[in-house]
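# Survey of secondary and tertiary structure
This is what each chain is made of:
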Amino acid sequence: MASYRGHLKFSSMLAVANGLLATFYFDLDWGTSLMAAGITAVSGLLPDLDSSSGVPVREMFNLTAVVVPLMLLKRMLGFGLTEDQTFAILAILYVFIRFGLSNIFRHLSVHRGMFHSIPAMVIAGGLVFLCYTHDSTMLRVYMAASAMVGFLSHLVLDELCSVDFNGVSIELNQFAGTAVKFFGPSLFPNLFAWSLCIAVSYFAWIDFEHHALAVKSDKKPNSDGLHVMPPKVQPLTKTVKPVAQRFSQL
Ligand SMILES: [Zn+2]
């Protein structure tokens, strides 16, 4: 089993690679690139939220309690609530994640249970897609993929470990086969994880279709600025000129 530091090192390396990809290949601005890199780094630590309480796990819950309300802020602003109402809901969400959810996790989850699995990776990606609000659907997909890559890196590392980062020795240990899995040994955690996976995927798909259709139908910008394609993210959604048009330019 890789250590917290091992996961942090590995996911940080992937995060840097993702940030460079976002900046230099997809031509995203530095803020968005940092966001993608940050999502990869944090997702690489997420599966160990199911481990017994320790400082890293507590820190992760603190971080999640701050990041999730921040990601939801833009979406909440479109709901027509007052500033105070929005703030109250975000504060309640913070308290729920920070204290409620962390306690639920401590009591219900088993380390290396279904939180270390492929459906859990899909849930993480789906939640990032739903929480991250942006006018570009492709950018939201990119953020979800960033989360899933980070999450998968954790599962693969757990599967391969022990990894000695100083001596570069990789060998299988007794935990092999418990991280990159579709099903666990117990029925209830399997049902719960797969139900959640299907539900999150369904809502993400509905949202994806709705958003993509709205962009396709060329909606004019509305009051909250939805469905506008800002020039900065266009390289991700670049359209290819029709062949006839390209030939006519020759
Ligand atoms: Zn783990």
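Residues numbered from 1 in each chain as written. Predicted model: local features only at pLDDT ≥ 70, side-chain atom pairs only at ≥ 80, totals over all residues.

Turning to the overall build of the protein chain, a few remarks are in order. Along its length, the protein chain carries eight helices and two strands. The N-to-C order of helical and strand elements in the protein chain reads α-α-α-α-α-α-β-β-α-α. Buried residues in the protein chain amount to 28% of all 250 residues. (Helix = DSSP H or I, 4+ residues; strand = E, 2+ residues; numbered from the N terminus. Buried ≥ 20, exposed ≤ 12 C-beta atoms within 10 Å, placed from the backbone.)

Contact geometry for helix H1 (residues 4-25) and helix H6 (residues 137-160): axes closest at 10 Å, N-to-C directions at 145 degrees. The chirality of how H1 crosses H6 is right-handed. Taking contact as the criterion, the partners of Gly-6, His-7, Phe-10, Ser-11, Leu-14 and Asn-18 in H1 are, on H6, Ser-146, Val-149, Gly-150, Ser-153, His-154 and Leu-157. Looking at side-chain class alone, the contact of H1 with H6 contains four nonpolar, eight polar and no charged residues. (Axes fitted to C-alpha atoms, helices over the stretch in contact; angles between N-to-C directions. Left-handed = near helix turned anticlockwise from the far one by under 90°. Contact = placed C-beta atoms within 7 Å. Nonpolar A, V, L, I, M, F, W, Y, C, P; charged D, E, K, R; others polar.)

A word on the nonpolar core. Grouped together as the largest cluster of nonpolar side chains are 40 residues, with contacts concentrated most on Met-121, Ala-124, Val-128, Met-143, Ala-147, Met-148 and Phe-151. Residue assignment for this core shows that the elements contributing at least two residues are H1, helix H2 (30-43), helix H5 (118-131), H6 and helix H7 (187-216). Ranked by the residues each element gives to this core, the list is headed by H6, at eleven residues. Once residues within four sequence positions are removed from consideration, Met-148 is found in contact with Met-121, Ala-124 and Gly-125. (Core = buried A, V, L, I, M, F, W, Y, C linked by C-beta atoms within 7 Å.)

This paragraph deals with the packing of H1 against H2. Two numbers describe how H1 lies on H2: the axes approach to 8 Å, and their chain directions differ by 155 degrees. With respect to their mutual orientation, H1 and H2 come out roughly antiparallel. Where H1 crosses over H2, the two elements pack in a sense that is right-handed. Together, Ser-11, Ser-12, Leu-14, Ala-15, Val-16, Asn-18, Gly-19, Ala-22 and Thr-23 of H1 and Trp-30, Thr-32, Ser-33, Leu-34, Ala-36, Ala-37, Gly-38, Thr-40 and Ala-41 of H2 make up the contact between the two elements. (Parallel < 35°, antiparallel > 145°, perpendicular 65-115°, else oblique.)

Before going further, it helps to examine the environment of Phe-183. Looking at the element boundaries, Phe-183 is found in the loop between strand E2 (169-170) and H7. Given 14 C-beta atoms within a 10 Å radius, Phe-183 is considered partly exposed. In the structure, Phe-183 is positioned ten residues away from Ala-193 in sequence and 9.0 Å away in space, judged by C-alpha atoms.

Of all residues in the protein chain, 76% have pLDDT values of 70 or greater, and the mean over the chain is 77. Looking over the protein chain, one finds the lowest element-wise mean pLDDT in strand E1 (residues 163-164), namely 44, and the highest in H5, namely 92. Note on residues 162-169: pLDDT is under 50 here. Beyond four places in sequence and across chains, it has nine contacts. Across residues 220-233, confidence stays below pLDDT 50; counting only partners more than four residues off in sequence or on other chains, it has 22 contacts. (pLDDT = per-residue confidence, 0-100.)

Glancing now at unusual backbone geometry. At Asp-27, a residue that is not glycine, the phi angle is positive and equals roughly 60 degrees. With 14 C-beta atoms packed within 10 Å, Asp-27 lands in the partly exposed category.

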